[in-house]
Amino acid sequence: MYSTRELQDEIIRLKKEKDVCILVHAYQSHDIWEVADYVGDSYGLSRQAANASQKTVLMCGVRFMAETVKILSPEKKVILSHKDAGCPMAEQMDAELISGVKEKYPDYTVVAYINTTSELKTVCDVCVTSSSAVQIVKNIENPNILFIPDCNLGRWVADQVPEKNIKLLQGGCPTHVRMSVKDVEEAKKAHPDALLLVHPECLPKVTALADYKGSTTGIMDYAKKSDAKEFIIGTENSIVQHLQFECPEKSFYPLSKDCVCHNMKLTTLGDVYRCVLGTGGEEIVMDEEVRRKAGRCINTMLTLGG
Ligand code: 13P
Ligand code: SF4
């Protein structure tokens, strides 16, 4: 039997021996953070994926993230930490549906949240993430934008880029939309001095009440730099745990006990161990034409996102 520390030490030894880069999304648990080469939000992970020098990349997160790594680094072996870790939002719209919508709106630039399948990205123009969406939409020349699939994130972008004509479709993150105005009222009542920090995947009526809105790492940076001592966190609850490690002198409270992404939480430290050993996870294999076409969308994001 291994202790957490022993298993982590073994993973760190094996990743060096086998030349594996471990990329970890911020919604993974803290024991997994501690063995990472890089931890970040979706945008940071995409940038890092393009730069990793190792021959194998292990993505601890969900499927679209591992696909993004493969799209950017086709020569690398890319492993998804748990074969069943998908993103329900990524499955909400497919290429056929969006091709039909594009026929109705031929003058629109199709902006796809990175939380989409590779097949869907092949019919889109540019990807965005929560931390890059506003800047990228501003940088697109066309005033007409079709933003998919997250209408809450899309509305948040539209509010900040009023000069664009942004059309939205009805999609979103089932984890973040669980948080309600009632949750805000109850949390503020319980913690009247705390600042409310929320992710833009939340419902607009919830983000409207926040002191800060931003991506996962945006929320973490804000909490770390702020002089305030208490924070209500309106995103996946692992961020509450990570912030507690980063700033033990401050207090962090979840906006809702239910804001847990069960797909992100499928991966355990044992899965990471088996992946670096070469017996776990799933290797990402992708059709070359899909990879190339979806890659246009992701590379445009990296160019316009700066
Ligand atoms: P960010 O990583 O851009 O904050 O997005 C959150 C998310 O839902 C990832 O799946
Ligand atoms: Fe998908 Fe939401 Fe989970 Fe992110 S938090 S992976 S958007 S379901």
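As shown above, the structure is provided for reference.
Nothing here was measured: the structure is a model prediction, and the numbers come from that model. (Residues numbered from 1 in each chain as written. Chains lettered and ligands numbered in written order. Predicted model: local features only at pLDDT ≥ 70, side-chain atom pairs only at ≥ 80, totals over all residues. Heavy atoms only, no water.)

Surrounding ligand 2, one finds Tyr 27, Val 62, Cys 87, Pro 88, Met 89, Asn 115, Cys 173, Thr 175, His 176, Glu 201, Cys 261 and Met 264. Assessed atom by atom at 2 Å from the grid points, ligand 2 resides in the largest cavity. Taken together, the residues that form the shell around ligand 2 break down as eight nonpolar, three polar and one charged. (Near = heavy atom within 4 Å. 1 Å grid on protein atoms, 1.4 Å probe; cavity = no way out; pocket = protein on both sides within 12 Å on 5 of 7 lines; lining within 4 Å. Sits in = over half its atoms within 2 Å of the grid points. Nonpolar A, V, L, I, M, F, W, Y, C, P; charged D, E, K, R; others polar.)

Close to ligand 1 lie 14 residues, the nearest being His 25, Ser 42, Ser 130, His 199 and Thr 216. Within the side chain of Ser 130, a nitrogen or oxygen atom sits 2.6 Å from an oxygen atom of ligand 1. A distance of 3.1 Å separates an oxygen atom of ligand 1 from a polar side-chain atom of Glu 201. Taken atom by atom, the bulk of ligand 1 overlaps the largest cavity. Looking at the shell around ligand 1, its residues break down into five nonpolar, seven polar and two charged. (Polar contact = N/O pair within 3.5 Å; in protein donor to acceptor, adjacent residues only side chain to side chain.)

This paragraph deals with unusual backbone geometry. With an omega of -15°, the peptide bond running from Ile 148 to Pro 149 counts as cis. Following the sequence through the fold, Pro 149 ends up in the loop between β7 (144–148) and α8 (151–160). Notably, Asp 19 is not glycine yet its phi reads approximately 60°, a positive angle. Within the secondary structure, Asp 19 is located in the loop between α1 (4–17) and β1 (20–25). (Helix = DSSP H or I, 4+ residues; strand = E, 2+ residues; numbered from the N terminus.)

The subject of this paragraph is the sheet that holds strand β11 (residues 230–234). As summarised here, the arrangement of the four strands in space is β10-β9-β11-β12, forming an open sheet in which the pairing is parallel. In this open sheet, the two strands that pair with only one neighbour each are β10 (212–213) and β12 (251–254). Pairing of strand β9 (residues 195–198) with β10, which is carried by two bridges, proceeds in the parallel orientation. Counted as the bridge partner of Leu 197 is Tyr 212 from β10. Packed on one face of the sheet, helix α11 (residues 216–225) meets β9, β10, β11 and β12 and runs near 160° to β9. (Pairing = 2+ DSSP bridges. Contact = heavy atoms within 4.5 Å. Axes fitted to C-alpha atoms, helices over the stretch in contact; angles between N-to-C directions.)

With that out of the way, let us pick up empty space enclosed by the protein. Applying the stated rule across the entire model yields two cavities of 30 Å³ or more. By volume, the largest cavity amounts to about 250 Å³. Going through the elements one at a time, α3 (42–51) and α4 (63–72) are the ones with two or more residues in the lining of the largest cavity. Classifying every residue of the lining of the largest cavity by side-chain character gives 13 nonpolar, 11 polar and two charged. In this model, the second largest cavity occupies a volume close to 60 Å³. Ser 42, Leu 45, Ser 46, Met 59, Phe 64, Met 65, Thr 68, Val 69 and Ile 114 are the residues that line the second largest cavity. (Points joined across faces, edges and corners; volume = space filled by probe spheres on them.)

When α3 is considered as a whole, its buried residues turn out to be Ser 42, Tyr 43, Gly 44, Leu 45, Ser 46 and Ala 49. Lining the buried residues of α3 we find β1, β2 (38–40), β3 (56–60), α4 and α14 (288–305). (Buried < 20%, exposed > 50% of the residue type's maximum accessible area, 1.4 Å probe, protein only.)

Turning next to the environment of Gly 281. Tracing the chain through its elements places Gly 281 in the loop between α13 (269–277) and β13 (282–283). Judged by its relative accessible area of 39%, Gly 281 is partly exposed. For Gly 281, the residues in contact, after removing those within four places along its chain, are Ile 79, Leu 80, Ser 81 and Cys 275.

Here the structure, examined in full by the defined rule, presents 12 salt bridges. Linking Glu 282 and Arg 63 is a salt bridge whose minimum nitrogen-to-oxygen distance equals 3.0 Å. Linking Glu 282 in strand β13 with Arg 63 in helix α4, this pair joins segments that are 219 residues apart in sequence. Given the relative accessible area of 23%, Arg 63 is considered partly exposed. Of the charged contacts in the structure, one is a salt bridge between Lys 265 and Glu 236, with a shortest N-O distance of 2.8 Å. A residue pair is termed long-range when its members are at least 10 positions apart, and Lys 265 in the loop between β12 and α13 and Glu 236 in the loop between β11 and α12 (238–246) qualify at 29 residues. You can call Glu 236 buried: its relative accessible area is 0%. What you see here is one network of salt bridges that share partners, running through Glu 10, Arg 13 and Glu 17. (Salt bridge = Lys/Arg side-chain N within 4 Å of Asp/Glu carboxyl O.)

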